[in-house]
Amino acid sequence: MSIQNNSSVKVIQTTCPYCGVGCGIDVEVKALSLVGSAAHPANFGRLCVKGAHLLETISPEGRLLQPAINGQTASWDEATTLVALKLQQTIAEYGPDSVAFYVSGQLLTEDYYVANKLMKGFVGSANIDTNSRLCMSSAVAGYKRAFGADVVPCSYEDIDQTELLVLIGSNAAWTHPVLFQRMEQAKKSNPAMKIVVVDPRTTASTAQSDLDLHIKSGTDTILFNGLLNYLKQKEAIDRCFVLENTDFADAAFDAAEPYSPEKVSELCDVEYAKVLCFFEWFAASTSAISFYSMGINQSVSGVDNANAIINCHLATGKIGKPGSGPFSITGQPNAMGGREVGGLANMLAAHMEIENKQHNALVERFWSAENMVKTNGLKAVDMFEKLHKGDIKFIWIMATNPVVSMPNRQKIEEALLGCDTVVVSDTVSKNDTLKFANIVLPATGWSEKDGTVTNSERRISRQRAIFSPTGQARHDWQIICDVAAKMGYQKAFAFTHVSQIFAEHAQLTAFENNGERALDLSALADLTKQQYDVLQPIQWPVNKANPKGSSRMFMDNKFFTDNRKAKFVAILPKPPEQVTCKAFPLVLNTGRVRDQWHTMTRTGNAARLHQHTAQAQLSIHPTDAAILCLHEGDLVSLRAQHSPLPVILPTLISKNQREGELFAPIHWSKTWSSHVNITSLFTDANDKISGQPELKHAAVSLKKTAVKAQGSLFVSHEWPELLLNKICDYWVKIKLENGYHYHIALLGAFERQSVAEAKNTPDTSEPISLSNWYAQISAHIIQDSEIQTLTSASQLIAVNIDQEALSMLVVLHMHGKNAVNDVLEYQIDANWLSTLLGKDVVFASDIRDLLRNCPAEEFTQGRLICSCFSVREKTISDAISRGCNTVDNLGKQLKCGTNCGSCKSELSSLIKVTQMEEPK
Ligand SMILES: Nc1nc2c(c(=O)[nH]1)N[C@H]1C(S)=C(S)[C@@H](COP(=O)(O)OP(=O)(O)OC[C@H]3O[C@@H](n4cnc5c(=O)[nH]c(N)nc54)[C@H](O)[C@@H]3O)O[C@H]1N2
Ligand SMILES: Nc1nc2c(c(=O)[nH]1)N[C@H]1C(S)=C(S)[C@@H](COP(=O)(O)OP(=O)(O)OC[C@H]3O[C@@H](n4cnc5c(=O)[nH]c(N)nc54)[C@H](O)[C@@H]3O)O[C@H]1N2
Ligand code: SF4
Ligand SMILES: [Mo]
């Protein structure tokens, strides 16, 4: 890792590569430390725990360093020549629609721009789609139906000014933490402000709320039709606004009419009084923001969900005014930039339409396109369907890990296995998708890349390089331009600096625009390299009328439709597609945890980010757990009708769930565990308009997993998956400061059978003994010195102390009828012992000393809540019991929550819970 050659610069201002809040970051180059940029309008100096620990995720370890062809390292010239050749051959033989790009909202705008230009202008196909299809496509389609363009009306500053903030299907406390803190601050400044949360679960985001609507999963259209109907009945409509600035209001009111508050209460399964309260608040407020995310978008009704919400804003004129508007919050750092350059299969560049003749001709001229595409391409699910059928014979995957994140994993795997050419550009050497690649291309990652991203409020910010590229990694835009040049398109891809790409993109947004297209960067179209380098965060449109950018849209009540009026959409609620039945009776909901990002290729590198949630757990309501005779921590197997392989993970019994609904995090993959790729349980079901998959509502069965023996393996080096699969049926990996912790298990016959099918090895189902199992494991342990073991019939402990440092620890337990209650006398706190890995344990001349030695005080204090200052749950609840009962006071006393603030919502929850539990 070497510092970029501009090391005379002391502080490099860049942007966080995680969520769509788009926080500015100042990196102090010499000290190699970072802080939030005080001047950045997205965060004003704040960072959440992921942003604050970014530098810990940067390491040459695990990076992809060189191109490779069929597993053999290759030069860049060989690799890009082969990619170009394969593209040309496939197009020549089967036509342009036989090739596809599957890209990502984590690419920078400039990377995205050239990928899209190559596909749509030169390959002549629109088969370029992106993981934003899984993320924002319903929100995009909702805006387009209502406003005629993909325009987010609001700014973050509207949050400071609103009277009513409705969070719908968003767990912003964990997923957009800096913005959530801004919401908390807004409420503090204006205690009259109300926060309503609409989510089937109780989440960290409900900590500050005034009202929680734990609706039945998939019933949002009913709730918002009910609100629209209520507004009409109570004459809370802004008649002037509706009459002058909108169309089709009556059709929407008619469709909403059946949804009385009583009906909503019944169908959404929420108390009548709560429904009424929400409706009254919305009707009475003069401003309101509906802040929505994946609970709304990832549904077969995703677009209808969005329009049901937008209808209520149009009906009350709560749009284009301070503190008002429908505000879809983007997930990825550059989902917006991708939308701007047209990185989806049904969009052209600069917010134009492929199948609009005028737009198409305009872009064709601007690009001097040699093979301009004329029709829309395949959306992600359909793209992989065609790949599966063999109609697509070449795919180039960039900056996304679809084997883990797309629904229906088995089909995605089969599709990639059967595809002639799979090219993968990634930053890491190992993820579940790379296993299927014929050609692997190493890309530069955050801290090496240079370019722009656009955040949720249309604000363009620069990402700047801090380090030189690792190994031979190259920028994504360079790789794409090289391939384009080798296909014969040198002229159109002759970019030598990223600023030239940005300028071309900006010029296209301005080209023959005449105020008809919202996305207009004309004031940035002539940026020089120097100006680009010092570009400050700015919100589009940036044009003659708004040279300093635009914070709020639609202030003139003019929209981007034919007659400049916004459109109501009549909503007819429909149920989810993955419906439960007798065999698959439970609803599975999925989402994020606080400290992990997606498939963990980056956050997984920081041991500290494993402490809040060390492994995936399945949340289940206590009533369901009781019916199924489950205890906390029991391993359970989840199955779906289409998916023969079980997902296996431990339970977390919690009243935060509705009965009949389960929740599991999305982050773990086959790189991190043997059985925890949750998205494999979802089918291809997707929204008919947006194509966004239904990723919040699968139908599953649940069974307690028969476990013969279970244990923990603490080792200083990572063990290859092949080896782990040899020594156990089930494993999960957790990164520690000085090594790895593996939870391992041997499963009962039924599970083993399905595992064996997958592994193609026979299930011997022999009764096991711990010493046999240990013998198998220890055969793979490098014996630095003598290993000491303690055994009983039901427990085995083995420790290796090498040169006074703990280098290995194995703890195995017997389960089931073979187990006897003869657990060794030691109270083993495996989490504490794991922190000793690689450390001096001179006090322990023998294994007994080590086990007898008490865990450090902190480990008796429960779950880690504040990652920045390592403050644990019990310490906090003790302080609350002693009267320290505000988040601010906890911060003063224990420091928790005073750095990044990501844990503040959990502190509020702990205050609520501890006070409830205390005798009055
Ligand atoms: N820590 C962290 N932060 C992230 C990410 C990450 O991986 N980790 N990823 C980023 C990305 S790309 C994205 S897209 C965002 C996602 O941000 P969010 O959308 O906030 O996150 P999720 O946890 O996916 O889902 C939000 C909520 O939707 C609820 N939900 C499920 N079904 C329904 C329903 O039918 N109706 C309603 N109203 N709610 C429902 C879930 O219970 C869940 O609490 O997060 C971004 N930020
Ligand atoms: N069940 C279920 N499934 C879901 C979701 C859900 O809520 N539930 N959420 C969906 C959503 S909203 C999203 S956004 C997706 C996310 O899913 P993915 O996009 O598949 O997840 P990531 O782990 O972010 O994958 C990014 C990959 O790009 C690599 N990478 C990082 N930076 C760069 C770069 O600059 N260049 C290149 N070439 N590679 C890079 C990383 O190493 C990683 O392998 O998951 C979706 N899947
Ligand atoms: S809220 Fe956190 S993850 Fe999102 S951009 Fe800011 S620092 Fe990064
Ligand atoms: Mo996302």
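Residues numbered from 1 in each chain as written. Chains lettered and ligands numbered in written order. Predicted model: local features only at pLDDT ≥ 70, side-chain atom pairs only at ≥ 80, totals over all residues. Heavy atoms only, no water.

1. With respect to the site of ligand 3
Point 1. Around ligand 3, a shell composed of C16, Y18, C19, V21, G22, C23, L47, C48, K50, G51, P177 and V178 is seen.
Point 2. Elements supplying a minimum of two residues to the shell around ligand 3: α1 (49-52) and α7 (177-189).
Point 3. Across the shell around ligand 3, the residue classes break down as nine nonpolar, two polar and one charged. (Near = heavy atom within 4 Å. Helix = DSSP H or I, 4+ residues; strand = E, 2+ residues; numbered from the N terminus. Nonpolar A, V, L, I, M, F, W, Y, C, P; charged D, E, K, R; others polar.)

2. Comments concerning the sheet that holds strand β13 (residues 325-328)
Point 1. Spatially, the five strands line up as an open sheet ordered β10-β9-β8-β12-β13, and their pairing is parallel. Whereas interior strands pair on both sides, the edge strands pair on one side only; in this sheet they are β10 (211-213) and β13. Ignoring strand direction, the axes of neighbouring strands in this sheet form an average angle of 15°.
Point 2. Here helix α12 (residues 272-284) sits on the sheet and contacts β8 (164-168), β9 (194-198), β10 and β12 (288-292); the angle it forms with β10, its principal contact strand, is near 120°. (Pairing = 2+ DSSP bridges. Axes fitted to C-alpha atoms, helices over the stretch in contact; angles between N-to-C directions. Contact = heavy atoms within 4.5 Å.)

3. Overview of the nonpolar core
Point 1. Counting 171 residues, the largest nonpolar core has F101, F278, F291 and W396 as the members making the most contacts within it.
Point 2. Ignoring anything within four residues of it in the chain, the contact list for W396 reads V83, A100, F101, Y102, V423, S425, L441, I479, I480 and V483.
Point 3. Among the nonpolar cores identified, the runner-up in size contains 60 residues, and A68, M406, L618 and L702 belong to it. (Core = buried A, V, L, I, M, F, W, Y, C linked by side-chain atoms within 4.5 Å. Buried < 20%, exposed > 50% of the residue type's maximum accessible area, 1.4 Å probe, protein only.)

4. Re the packing of aromatic side chains
Point 1. A full pass over the atoms with the stated rule returns 22 aromatic pairs.
Point 2. Taking 5.9 Å as the distance between ring centres and 50° as the angle between the ring planes, the aromatic pair formed by F253 and F568 counts as tilted. In this pair, F253 sits in helix α10 (residues 249-256) while F568 sits in the loop between β20 (566-567) and β21 (586-591), placing the two residues 315 residues apart along the sequence. By the burial criterion, F253 is buried, and F568 matches it.
Point 3. An aromatic cluster is present here, built from Y143, F147, F554, F559 and F560 joined pairwise through their rings.
Point 4. K117 extends its terminal NZ or CZ atom over the ring of F493, reaching a point 5.2 Å from the ring centre.
Point 5. One residue, R564, lies across the ring of F560, its end atom 5.3 Å from the ring centre. (Phe/Tyr/Trp six-rings, centres within 6.5 Å; stacked < 30°, edge-to-face > 60°. Lys NZ or Arg CZ within 6 Å of the ring centre and 35° of its normal.)

5. Here's the deal with the site of ligand 1
Point 1. In the vicinity of ligand 1, 33 residues are found, and the nearest of them are D199, G218, S293, R592 and Q596.
Point 2. The separation between a nitrogen atom of ligand 1 and a polar main-chain atom of V198 is 3.1 Å.
Point 3. One of the side-chain N or O atoms of D220 is found 2.8 Å from a nitrogen atom in ligand 1.
Point 4. Expressed as a share of its isolated accessible area of 910 Å², the protein-covered part of ligand 1 is 99%.
Point 5. Elements with a minimum of two residues in the shell around ligand 1: α6 (172-175), α13 (294-297) and β21.
Point 6. Its residues assigned to classes, the shell around ligand 1 shows nine nonpolar, 17 polar and seven charged. (Polar contact = N/O pair within 3.5 Å; in protein donor to acceptor, adjacent residues only side chain to side chain. Areas by Shrake-Rupley, 256 points an atom, 1.4 Å probe, with all protein chains shown as cover.)

6. Things to note about the domain arrangement of the protein chain
When the parts come together, some accessible area is lost, and that loss is often what is quoted as the size of the interface.
Point 1. For the protein chain, the domain assignment lists domain 1 (11-57), domain 2 (68-134 + 334-460 + 468-494), domain 3 (137-328), domain 4 (586-849) and domain 5 (861-917).
Point 2. Between the C-alpha centres of domain 3 and domain 4 there is a distance of 39 Å.
Point 3. Listed as interface residues are 24 residues of domain 3 and, on the opposing side, 23 residues of domain 4.
Point 4. With both sides pooled, the region where domain 3 packs onto domain 4 buries about 2000 Å², and carbon together with sulfur makes up 51% of that total.
Point 5. Together, W174, R201 and Q298 form the three largest contributors to the area buried by domain 3 at its contact with domain 4, with a combined 35%.
Point 6. Put simply, domain 3 and domain 4 have one salt bridge between them.
Point 7. Note that R658 and D269 form a salt bridge whose closest N and O atoms lie 2.6 Å from each other.
Point 8. In this structure, the connection of domain 3 to domain 4 is made through 12 residue pairs in polar contact (both at pLDDT 80 or more).
Point 9. Within the residue set of the side of domain 3 that touches domain 4, elements represented by two or more residues are α4 (137-147), α6, α13 and α14 (302-316).
Point 10. Counting residues per element, the side of domain 3 that touches domain 4 draws most heavily on α4, at four residues.
Point 11. Here the residues of the side of domain 3 that touches domain 4 sort into eight nonpolar, 12 polar and four charged. (Domains from an automatic or database assignment. Buried area = accessible area lost by both parts, 1.4 Å probe. Salt bridge = Lys/Arg side-chain N within 4 Å of Asp/Glu carboxyl O.)

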